[in-house]
Amino acid sequence: MIAPKAIPQPRVQPRVAVRARDAARRRSRRTRMQGYTMLARIATAFAVVLVPVMIYVLLMGNLTALSFNLRHVTQQKSALVEETMQLDDRIAQLQSRERLAILATRLHMHDPQRYAVVDVPGPVVAPPSNGIAFLGAFFHR
């Protein structure tokens, strides 16, 4: 019979070796992270400078748009005021007494020589009925 090979037992490493291996892993991890740390610092500094500048640019763009809108509305208002004044002048011209007198003479109109006073009869009020409403036509008092 063949003798079984001896199963190797895990070697128990001394504490110093374990601590040294862990320290080496920590150092390698730290050196890898140092490259990212510098990149993160640069990105943070860039963001600290860029965010206020972008906010300023956005606010100035908004202010410029508002000033353009204000100028447009002001021009529109002045055009409407001018048009209103022209229309008021036209209404005053059309309602002038001289123009109305000229139109009246063209239509052969003149002031009346006699004024007629007509009495307009008042409204006709139905006499109150004392009968029954439904059969009022048949029963009168």
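The structure under discussion appears in the preceding block.
What comes next is a walk through the structure.

The rules behind these values
- Residues numbered from 1 in each chain as written.
- Predicted model: local features only at pLDDT ≥ 70, side-chain atom pairs only at ≥ 80, totals over all residues.
- Heavy atoms only, no water.
- Helix = DSSP H or I, 4+ residues; strand = E, 2+ residues; numbered from the N terminus.
- Buried < 20%, exposed > 50% of the residue type's maximum accessible area, 1.4 Å probe, protein only.
- Salt bridge = Lys/Arg side-chain N within 4 Å of Asp/Glu carboxyl O.
- Patch = residues over 30% accessible without salt bridge, like charges linked within 9 Å, V, L, I, M, F, W, Y side chains within 5 Å.
- Areas by Shrake-Rupley, 256 points an atom, 1.4 Å probe, with all protein chains shown as cover.

## A word on the overall build of the chain
Logical step 1: A count of helices and strands for the chain gives 2 helices and 0 strands.
Logical step 2: Out of the 141 residues belonging to the chain, those deemed buried represent 1%.

## Thoughts on the pattern of salt bridges
Logical step 1: Under the counting rule described, the total for this entry stands at 1 salt bridge.
Logical step 2: Note that R25 is salt-bridged to D22, the shortest N-O span being 4.0 Å. Taken as a pair, R25 and D22 lie in helix α1 (residues 15-94) at a separation of 3 residues, close to a single helical turn.

## Considerations on unusual backbone geometry
Logical step 1: Although it is not a glycine, H108 sits at a positive phi angle of roughly 60 degrees.
Logical step 2: For H108, a relative accessible area of 69% corresponds to the exposed category.

## Description of a nonpolar patch on the surface
Logical step 1: A surface patch of nonpolar side chains, amounting to about 660 Å² of accessible area, comprises V48, V49, V53, Y56, V57, M60 and L63.
Logical step 2: With respect to the helices, strands and loops of the structure, V53 is situated in helix α1.

By themselves, these observations are geometric and do not establish any function.
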